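Here's the letter readout for the chains.
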Amino acid sequence: MMDLRRLVLAVLTVTVVVEFACFSFGNVVTFDVKHKFAGKEKNLSAFRAHDIRRHGRLLSTVGVDLVIGGNGHPSETGLYFAKIGIGNPSKDYYVQVDTGSDILWVNCVGCNKCPTKSELGIELSLYDPKRSSTSSLVYCDQDFCTSTYDGPLPGCKPDLQCQYNVVYGDGSSTAGYFVKDTIQLQQVTGNLQTGPTNGTVIFGCGAKQSGELGSSSEALDGILGFGQANSSMISQLAVAGKVKRMFSHCLDNVDGGGIFAIGEVVSPKVKTTPLVPKQPHYNVVLKAIEVGEAPLQLPTDIFGNADQKGTIVDSGTTLAYLPSSIYEPLMTKVLSPQPALKLHTVEDQFTCFQFDENVDDGFPVVKFHFEDSLVLAVYPHEYLFQIREDIWCFGWQNSGLQSKDGTDMILLGDLVLSNKLVIYDIENQTIGWTEYNCSSSIKVKDGKSGTVFSVGAHHIGSASSLTIGGISTFFSILIALLHSSIA
C-alpha cells in the first residue's frame, strides 16, 4: 500500500467554514439517514468487500499494510449515509457520515468519472453552483484558501479558484474546488421537536474522481467527515463558537434506529478512555481481552503502547479485524463451549456453523479492556451473523493488519459499536461508550443557555407514507448543534 507521507498532496488540510444563525433554543438539527445494507439479505462478502475498500482510505493515512485478501481500495460509501439539502432552491444529496475522514465534499456538474448510478436505492445528483442563487466560488487569495495552505499560494491571482485534492492509499483520488453555499438541515426546537433551518458552508465541489471512487455500484454523492482534524465540520463549528468538539452516535442494528448528536451528552453518563495523541483517527489503548470470565492468554507486548498507534475505533467499518496473534486464541476460546460444533467456510473466507439454539446461551461474551478501566462488552448475538434461520457466521476477521514498524493493530467496527452510545470528546481527547437502547433518546445540553434537550431516534417512515417493514432500517441521525459561547 502506498505510503501517503510521500505524497505532496495526500490529504489537504482545509478549513470548512460553517455559519449557522442563532436561535433561542440552541441549534439542534436532524439528518435523515439510511443504513447502506438496508433491505438486503445479510451478505458477509458484501460486508467484507465494503471494509476492504474502506481500509484503503482509512488506513492509508496512518501508514499500515492491510493483508486481508483482495485489493485495498478507498471506500465510496459508509454503513450510514445522510440526506442533506444544498443550494437555493434546495436539492437533496446523499453523503456518507464518516468518522474516519474530515471534509465535506459532493460531486459536481462537469465531473470527470463521477458515478452516475447506485445500487443503494437512491438517485445520485450532481451539484451545480450555477443553478443555486446563494452559491459563490472561493478564490485562492481569500482567507479560507490562504489558511488552508498556511499562507499565500505561489502564482495566486484574484481569479484563480481555491482547489482541493485528496489522494488515497491505492492511488485513487478526488479533486475539485471549494464553493460556498447554503445547506438545509432540520433544527430541533424543543424536546423531540424539529423545524427547518439552514446555514452557509464552504465545501468541496468534486470535479474529478479516479479509481474506485468513480465506479462503485454502491456510490453516494459525497462524504460528510466527522474526523478530529481542523478540516472537519465539527472542528470549524467549534472555532466559530457554535458547538463544542463533542459528538456521539448510537446505532441500533436490531430495529434500525439511531442517534447522532453534536454537543455535550448529560444523560446517560459514560466512562471514557484517552485517545492516542497525534493520530488522524480515533485510536485507543487496549490493555486486555476477556472471553467468558477468563482473560485471553496473550504475550504481554501484544497490544503495544500509545506510541504505536493502538486500536482504531471506526463506525464506518462493518466487521472487527484482529491480527492472527489475537484472532486464533480468541476463536479457540470462543468455540470451546461447543466442541462438537462442525465449522464450514462460506464464500472462501467466513467461519460458519449450524446452530438452532440461543447463541447467547451457547457462546461466551467477549470483553475488551481499555486504558482507565473502560470495558467494551460484545455479546454473541452481536459478533455472530445469522445468514439463514439456523446458520451463523463469525464477524471476527483475521486481518493480518500491521503498522509500518510491524506492530499488530486492531480495527473495531460497527460489529462491536452497535447498540451502544459512543461519545467522542475531541476537546478533552477521550472516547467512551455504554450499552444503550438506541431507539430511545439521550439528553444533550446547550452550552450557552444550559437548556437540556431530549434527542431521540426516529424512522423516516414515521413522518411519511413510507412503510417500514422488518427488513428496512431507515432512521434519522440527530445532530445537536449546541451553542458554546456565541456573543
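Only a predicted model underlies this, so the values are computations on that prediction, with no experimental measurement involved. Throughout, residues of each chain are indexed from 1 in the direction in which the sequence is written. Given that the model is predicted, a residue must reach a pLDDT of at least 70 before its local features are reported, and side-chain atom pairs must reach 80 or more before they are shown or counted; all residues, however, enter totals for whole chains, interfaces and linings. Water and hydrogen atoms were dropped before computing side-chain values, which therefore reflect all heavy atoms in the structure.

Trainee: How would you summarise the sheet that holds strand E25 (residues 384-388) if you had to cite specific residues and measurements?
Mentor: Pairing between two strands is assigned when DSSP locates at least 2 bridges connecting them. Starting at the N terminus, helices and strands are each numbered in turn, a helix being any DSSP run of H or I of at least four residues and a strand any DSSP run of E of at least two. Read from one edge to the other, the open sheet built from four strands follows the order E21-E22-E26-E25, with strand pairing classed as antiparallel. Strand pairing shows two members of the sheet lacking a second neighbour, strand E21 (343-346) and E25, which therefore form its edges. Looking at each pair of strands side by side, their axes are set apart by 40° on average, direction ignored. Judged from the four bridges that link them, E25 and strand E26 (residues 391-394) form a sheet pairing that is antiparallel. Within the sheet, the bridge partner assigned to Gln 386 lies in E26 and is Trp 392. Only heavy atoms enter the contact rule, under which two residues are in contact if any of them lie within 4.5 Å. Axis definition: a line fitted to C-alpha atoms, limited for helices to the stretch in contact. Angles are taken between N-to-C directions and run from 0 to 180 degrees. The strands touched by helix H4 (residues 324-335) within the sheet are E21, strand E22 (350-354) and E26, with E26 carrying the most contacts at an inclination of about 150°.

Trainee: Outline the packing of aromatic side chains, supporting the account with residue identities and numerical values.
Mentor: The geometry of an aromatic ring pair is captured by the separation of the ring centres together with the interplanar angle, meaning the angle of the planes. Ring geometry is summarised as follows: Phe, Tyr and Trp rings, the Trp one being its six-membered ring, pair when their centres sit within 6.5 Å, and such pairs are stacked at plane angles under 30 degrees, edge-to-face over 60 and tilted between the two. Using the criterion set out here, one finds 17 aromatic pairs in the structure. Ring plane angle 50° and centroid distance 5.4 Å describe the contact between Phe 226 and Phe 247, whose orientation is recorded as tilted. Of this pair, Phe 226 sits in the loop between strand E11 (222-225) and helix H3 (233-239) while Phe 247 sits in strand E12 (residues 246-251), placing them 21 residues apart in sequence. The exposure classification of Phe 226 matches that of Phe 247, with both residues buried. Plain terms: the ring middles of Tyr 383 and Phe 394 are 6.3 Å apart, the flat faces sit at 10° to each other, and that makes the pair stacked. Placement of the pair is Tyr 383 in helix H6 (residues 380-383) and Phe 394 in strand E26, with a sequence separation of eleven residues. Exposed residues in this analysis have more than 50% of their type's maximum accessible area, buried residues have under 20%, and partly exposed residues fall in between, with area computed by a 1.4 Å probe over protein chains only.

Trainee: Please give an account of the confidence of the model for the protein that cites residues and values.
Mentor: For every residue, the predictor states its confidence as a pLDDT score lying anywhere from 0 to 100. Residues with a pLDDT of 70 or more make up 69% of the protein, whose mean pLDDT is 73. Contacts of residues 57-78 to residues separated by more than four positions or lying in other chains number 94 contacts, the stretch itself having pLDDT below 50. Predicted confidence for residues 402-406 stays below pLDDT 50, and this span has 13 contacts to residues more than four positions away or in other chains.

Trainee: A description of the state of the cysteines should follow, citing residues and the corresponding values.
Mentor: The definition used for a disulfide is geometric: two cysteine sulfur atoms within 2.5 Å. Counting across every chain of the model gives six disulfides. Between the sulfur atoms of Cys 140 and its disulfide partner Cys 156 the distance amounts to 2.0 Å. Across the S-S bond of Cys 140 and Cys 156 the torsion is about 95°, and the bridge reads as right-handed. Of this pair, Cys 140 sits in the loop between strand E7 (136-137) and helix H2 (143-148) while Cys 156 is found in the loop between H2 and strand E8 (163-167), placing the two residues 16 residues apart along the sequence. Judged by relative accessible area, Cys 140 falls into the buried class, the value being 3%. Of the residues examined, Cys 156 reaches a relative accessible area of 27% and is grouped as partly exposed.

Trainee: Account for the sheet that holds strand E19 (residues 311-313), naming residues and giving values.
Mentor: The pairing of strands in a sheet comes from backbone hydrogen bonds and takes either a parallel or an antiparallel form. Taking strand neighbours across the sheet as the criterion, the five strands line up as E16-E19-E29-E20-E27 in an open arrangement whose pairing is mixed. Where the open sheet ends on each side, the last strands, each with one partner, are strand E16 (283-284) and strand E27 (396-398). Sheet analysis places E19 next to strand E29 (residues 410-412), joined by three bridges and oriented parallel. Paired with Thr 311 across the strands is Ile 410, a residue of E29. In the packing of H4 onto the sheet, the strands contacted are strand E20 (320-322), E27 and E29, and the crossing angle to E27 comes to about 130°.

Trainee: Tell me about the side chain of Ser 248, and please be specific about residues and values.
Mentor: With respect to the helices and strands, the residue Ser 248 is situated in strand E12. What makes Ser 248 buried here is its relative accessible area of 0%. Excluding anything up to four places from it in sequence, Ser 248 contacts Ile 259, Phe 260, Ala 261, Val 265, Leu 421, Val 422, Ile 423 and Ile 442.

Trainee: Lay out the environment of Leu 319 in plain terms, naming residues and giving numbers.
Mentor: The topology assignment puts Leu 319 in the loop between E19 and E20. When the C-alpha positions of Leu 319 and Gly 413 are compared, they lie 5.2 Å apart, and in sequence the two are 94 residues distant.

Trainee: Residues and numbers for the nonpolar core, please.
Mentor: Taken as a class, soluble globular proteins show a tendency for nonpolar side chains to be buried jointly. If you look at the biggest cluster of nonpolar residues, it comprises 80 residues, and the most contacted ones within it are Ile 289, Phe 363, Phe 368, Tyr 383, Phe 394 and Trp 396. Every residue in contact with Phe 394, bar those within four places of it in the chain, is listed here: Met 331, Val 334, Leu 335, Phe 350, Thr 351, Phe 353, Phe 363, Tyr 383 and Leu 384. Grouping buried Ala, Val, Leu, Ile, Met, Phe, Trp, Tyr and Cys residues that are joined through side-chain atoms within 4.5 Å yields what is termed a nonpolar core.

Trainee: Lay out the pairing of strand E24 (residues 374-378) in plain terms, naming residues and giving numbers.
Mentor: Counting buried residues in E24 gives four out of five residues, a clear majority hidden from the surface. Taken together, the five bridges between strand E23 (residues 366-370) and E24 define a ladder with antiparallel strand orientation. Paired with Phe 370 across the strands is Leu 374, a residue of E24.

Trainee: Provide a residue-level description of unusual backbone geometry, including the pertinent values.
Mentor: Residues apart from glycine generally show negative phi values, whereas peptide bonds are mostly found in trans. Note that the residue after Asn 88, namely Pro 89, is joined by a cis bond; omega there is 5°. Within the secondary structure layout, Pro 89 lies in the loop between strand E4 (80-86) and strand E5 (91-98). Of note, the amide linkage connecting Ser 267 to Pro 268 takes the cis form, showing an omega dihedral of 5°. Note that Pro 268 resides in the loop between strand E14 (264-267) and strand E15 (272-274). At Asn 419, a position not held by glycine, the phi torsion is positive, near 65°. Structurally, Asn 419 is set in the loop between helix H7 (414-417) and strand E30 (420-425).

Trainee: Which residues make up the pattern of salt bridges, and what values go with them?
Mentor: Throughout this description, the term salt bridge denotes a Lys or Arg side-chain nitrogen within 4 Å of a carboxyl oxygen of Asp or Glu. Scanning the model with the defined rule gives five salt bridges in all. With a closest N to O distance of 4.0 Å, Asp 92 and Lys 83 form a salt bridge. Look at Lys 83 and you get partly exposed, because its relative accessible area is 29%. Across the salt bridge formed by Arg 131 and Asp 128, the nearest N and O atoms sit 3.6 Å from each other. Overlapping salt bridges, with partners in common, bring together Lys 244, Glu 264 and Lys 445 in one network.

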